[in-house]
Amino acid sequence: MSITPDIAGDSAGAFLGVGASLSGRRWVGPTIEADRLAQGLAQEAALPLPLCRILVARGVTAGAAPAFLSPTLRALLPDPRVLRDMETAATRLVRAVDAGERISVFADYDVDGGASAALLLSWLRDLGVSATLYVPDRIDEGYGPNVPAMQTLARDHDLILCVDCGTLSHEAIAAAEGADVLVLDHHLGGETLPPALAVVNPNRQDEDGGLGHLCAAGVVFLLLVEVTRQRRAAGQPGPDLMGLLDLVALATVADVAPLQGINRAFVRQGLTVMARRQRPGLVALADVARLDSAPSSHHLGFVLGPRVNAGGRIGKADLGARLLATPDPREAQAMAARLDALNTERREIEEQVRAAALSQAEARGMDAPLVWAAGEGWHPGVVGIVASRLKERTNRPAIVIGLEGDEGKGSGRSVSGIDLGAAIQRLAAEGLLLKGGGHRMAAGLTVARDRLDDAMDRLSELLAKQGADGLGPADLALDGMLMPGGATVELIEQIEQAGPFGAGAPAPRFAFADCQILFAKPVGTGHLKVTFGDGLGARVDAIAFGAMDGPLGAALTARDGARFHLAGRLEINTWKGRRSPQLRLEDAARAH
């Protein structure tokens, strides 16, 4: 059962009258007009009302609903040739394969880079071609191509493909004398391009931005589509590309690419491929993570992705890419176990840095246009994650920097509407950074220790001009209200038809009004397990991650008889073969 309450008279129009929740946020629900449209869509399209509320929020009409609910590559895949340099890149790769040339793949050390490399290595292997994988060490070499590595690769290879990197690497690519270089990337381009044979990047300055939401793996997949077209035109069969969509889906979600357009089809169909358990690396990773249900976009972003990333963050940089590319189940099991152990170690390091960064940021002030922290010896493999935590806590762009010697290497995360990558590029162009780049929501930088304060002050100014100084606690958008008895597995399955959910397409969030807290207990590291009900016998289990670090945990465990409005996202919890509804609890407010 789904209800939209009459919100007339509520505090400034806040949903359920919640103008300031326990986390300080104002709750905002669907408008009366949105509810009217949802009712009409339910009748016209013969779809469940809760699903129609989500479709209306996404701007989906009755005529567009069938295609939206079943996104396909056939309908959404663009012609790869709309991207500049695509035909040149594909033709060069075809020639290298046909001529038996020596090929190397230079990849970034994150999930997108690893999946992009695995796409190419797997495709080449199916054609009987062996390629060299090179992933730079995060600490010793840093992000992207570097001169020594490119010189070494060029001596022994005819073709180098740089994936998820290279767009700003002018000097390093120029150093690859004797080899052709193809750049397959999605990071923001500068005013000039590096001297590569081809730079395929939807975020080049001379692109129209229509495919700017692609991650690097999406760009690589489009390259393989064009390569396949060229080979078929020459009468040459090629490997099945559909079986590679599990890698594209993983990269798309883990790199927080917006789930719009073709990305929805990549993830939806990639999850179907992944459920077949045919890729040894992903099978081993799912098993070591103890996944006992079909994978979802949540699993890609929060269970599998962090483990693939762990090698690049604090271990051997190429471990994730090798895991995703290996055809050997036994080798995959060993690498997955190693990555799982590294991920546990990463969490411990992250927690130490998070506590120190939060303390420093609080002392500096959490309401500035930029929230930042820098510390001696902070591991560069976790600064990005900690920046994300600060961003979530403050709804402000955040930068976290690890200092060592005369330099600091940092990572930043942004909020909707604030282009951090462009600001970082401006900072680099002004000479305040040694190196910097990224995209709207994430960026990396290297700064001289003695320019740190100046750089952060200037970055704060640039972000303030974009409106970052006027941001308050983010409103909590709600898609409606449910009664505990209406939260069923069947309802969740209906809602999931509107997925996949993730960046740019958040999972729907519902409120439960005037609830009794029947059980509340801290679990794990700072998490909270809750059972709530309506007093009429219906009850729902909930989990609130990190709740014990804030006011939510203290309020819900107080056992003072207070009743609460609760808000969060519904999911299906699978335990020993039994499926039950569970609320991923995000916020609460005292019911008056």
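Residues numbered from 1 in each chain as written. Predicted model: local features only at pLDDT ≥ 70, side-chain atom pairs only at ≥ 80, totals over all residues. Heavy atoms only, no water.

Some points on the packing of helix 6 (residues 111–126) against helix 10 (residues 245–254)
Packing of helix 6 against helix 10 leaves a shortest axis separation of 8 Å and a crossing angle of 165°. The angle between helix 6 and helix 10 falls in the class roughly antiparallel. Helix 10 is crossed by helix 6, and the crossing has left-handed handedness. For the pair helix 6 and helix 10, the contacting residues are Val111, Asp112, Ala115, Ala118 and Leu119 in the first and Leu247, Val248, Leu250, Ala251 and Ala254 in the second. (Axes fitted to C-alpha atoms, helices over the stretch in contact; angles between N-to-C directions. Helix = DSSP H or I, 4+ residues; strand = E, 2+ residues; numbered from the N terminus. Parallel < 35°, antiparallel > 145°, perpendicular 65-115°, else oblique. Left-handed = near helix turned anticlockwise from the far one by under 90°. Contact = heavy atoms within 4.5 Å.)

Let's talk about the sheet that holds strand 10 (residues 407–413)
Spatially, the 5 strands line up as an open sheet ordered 8-9-10-12-11, and their pairing is mixed. Edge strands, defined here as strands with exactly one partner in the open sheet, are strand 8 (371–376) and strand 11 (435–438). The average undirected angle you get between the axes of adjacent strands in this sheet is 15°. In this sheet, strand 12 (residues 442–448) lies alongside strand 11 in antiparallel orientation, the contact comprising 4 bridges. (Pairing = 2+ DSSP bridges.)

Details of the sheet that holds strand 5 (residues 159–163)
Across the sheet, which stays open at both edges, the 5 strands sit in the order 4-3-5-6-7 with parallel pairing between neighbours. Every other strand in the sheet has two partners, leaving strand 4 (132–134) and strand 7 (198–200) as the edge strands with one partner each. Taken pair by pair, the neighbouring strands of this sheet meet at an average axis angle of 15°, ignoring direction. Each of strand 5, strand 6 (180–184) and strand 7 is contacted by helix 9 (residues 216–233), which is oriented at about 120° to strand 6, the strand it contacts most.

Things to note about the nonpolar core
Core analysis: the biggest nonpolar cluster contains 101 residues, and Leu93, Leu120, Leu184, Leu223 and Leu304 have the highest contact counts within it. Setting aside anything within four residues of it in sequence, one finds leucine 304 in contact with Leu250, Met274, Leu285, Ala286, Leu291 and His299. Ranked by size, the runner-up nonpolar core spans 43 residues in total, among them Ala38, Leu49, Ala555 and Leu570. (Core = buried A, V, L, I, M, F, W, Y, C linked by side-chain atoms within 4.5 Å. Buried < 20%, exposed > 50% of the residue type's maximum accessible area, 1.4 Å probe, protein only.)

So, the side chain of aspartate 419
The residue aspartate 419 is located in the loop between strand 10 and helix 17 (420–429) in this model. A polar contact is formed between the side chain of aspartate 419 and the backbone nitrogen of alanine 422, at a distance of 3.0 Å. In this structure aspartate 419 touches Leu188, His439, Arg440 and Gln466, once residues within four positions along its chain are discounted. (Polar contact = N/O pair within 3.5 Å; in protein donor to acceptor, adjacent residues only side chain to side chain.)

Looking at unusual backbone geometry
Geometrically, the link from glycine 499 to proline 500 is a cis peptide bond, its omega value of 5° lying close to zero. Examined against the element boundaries, proline 500 turns out to sit in the loop between helix 19 (489–495) and strand 15 (510–523). The phi dihedral of arginine 559 falls on the positive side, at around 55°, and the residue is not glycine. Summarising the element assignment, arginine 559 is placed in the loop between helix 20 (551–556) and strand 18 (564–575). A relative accessible area of 67% means that arginine 559 is categorised as exposed.

Quick look at the pairing of strand 8
Counting buried positions along strand 8 gives 5 out of 6 residues, so the element sits mostly inside the fold. Of the pairings in the sheet, the one linking strand 8 to strand 9 (residues 398–404) comprises 6 bridges and is parallel in character. In the sheet register, glutamate 376 faces strand 9, and the bridge partner there is leucine 403.

Some thoughts on the packing of helix 15 (residues 329–364) against helix 16 (residues 383–394)
Where helix 15 meets helix 16, the closest approach of the two axes is 9 Å, and the angle between their N-to-C directions is 45°. Classified by the interaxial angle, the pair formed by helix 15 and helix 16 is oblique. Here the hand of the crossing between helix 15 and helix 16 comes out right-handed. Together, Arg346, Glu350, Val353, Arg354, Ala357, Leu358, Ala361 and Glu362 of helix 15 and Ile385, Val386, Arg389, Leu390 and Arg393 of helix 16 make up the contact between the two elements. Of the residues contributing to the contact of helix 15 with helix 16, the split by class is 7 nonpolar, no polar and 6 charged. (Nonpolar A, V, L, I, M, F, W, Y, C, P; charged D, E, K, R; others polar.)

Here we look at the pattern of salt bridges
Applying the stated rule across the entire model yields 36 salt bridges. One salt bridge in this structure joins aspartate 340 and arginine 307, with 2.7 Å as the shortest N-O distance. Of this pair, aspartate 340 sits in helix 15 while arginine 307 sits in helix 13 (residues 297–314); the two residues are 33 residues apart in sequence, bridging distant segments of the chain. Of the two residues, aspartate 340 and arginine 307, neither departs from the other in class, the shared state being buried. Arginine 354 is the salt-bridge partner of glutamate 351, the closest N and O atoms lying 2.9 Å from each other. Highlighted residues: glutamate 351 and arginine 354, both in helix 15, separated by 3 residues, approximately one helical turn. On the basis of relative accessible area, glutamate 351 is assigned to the partly exposed category, the value being 36%. Each member of the salt-bridge network shares a partner with another, and the members are Asp79, Arg81, Glu226 and Arg229. (Salt bridge = Lys/Arg side-chain N within 4 Å of Asp/Glu carboxyl O.)

Brief notes about the confidence of the model for the protein
The predicted coordinates ought not to be read in detail in places where the model reports low pLDDT. Summarising the model, the protein shows a mean pLDDT of 93, and 98% of its residues fall at 70 or more. pLDDT under 50 marks residues 1–10. Its contacts with residues more than four places away, or in other chains, come to 23 contacts. (pLDDT = per-residue confidence, 0-100.)

What about empty space enclosed by the protein?
Going through the model one piece at a time under the given rule, you end up with 1 cavity of 30 Å³ or more. The computed volume of the largest cavity comes to approximately 50 Å³. What lines the largest cavity is simply Ala107, Asp108, Tyr109, Asp110, Val111, Gly114, Val135, Val308, Asn309, Ala317, Gly320 and Ala321. Elements with a contribution of two residues or more to the lining of the largest cavity: helix 6, helix 13 and helix 14 (319–325). Looking at the lining of the largest cavity, its residues break down into 7 nonpolar, 3 polar and 2 charged. (1 Å grid on protein atoms, 1.4 Å probe; cavity = no way out; pocket = protein on both sides within 12 Å on 5 of 7 lines; lining within 4 Å. Points joined across faces, edges and corners; volume = space filled by probe spheres on them.)

Remarks on helix 6
Over its 16 residues, helix 6 runs 22 Å from end to end, which matches the ideal 22 Å to within 8%, given 1.5 Å per residue. Among the 16 residues in helix 6, 14 count as buried, and that is most of the element. In this structure aspartate 110 caps helix 6, since a side-chain oxygen of it lies 3.2 Å from the backbone nitrogen of aspartate 112. At the exit of helix 6 stands glycine 128, carrying a positive phi of roughly 80°. (Expected span 1.5 Å × (residues − 1).)

Quick notes on the layout of surface pockets
Estimated volume of the second largest pocket: approximately 310 Å³. Together, 13 residues line the second largest pocket, and Leu77, Val225, Arg232, Leu241 and Met242 are the ones closest to its centre. Those elements giving two or more residues to the lining of the second largest pocket turn out to be helix 4 (73–76) and helix 9. Tallying contributions element by element places helix 9 first for the lining of the second largest pocket, with 5 residues. Classifying every residue of the lining of the second largest pocket by side-chain character gives 7 nonpolar, 2 polar and 4 charged.

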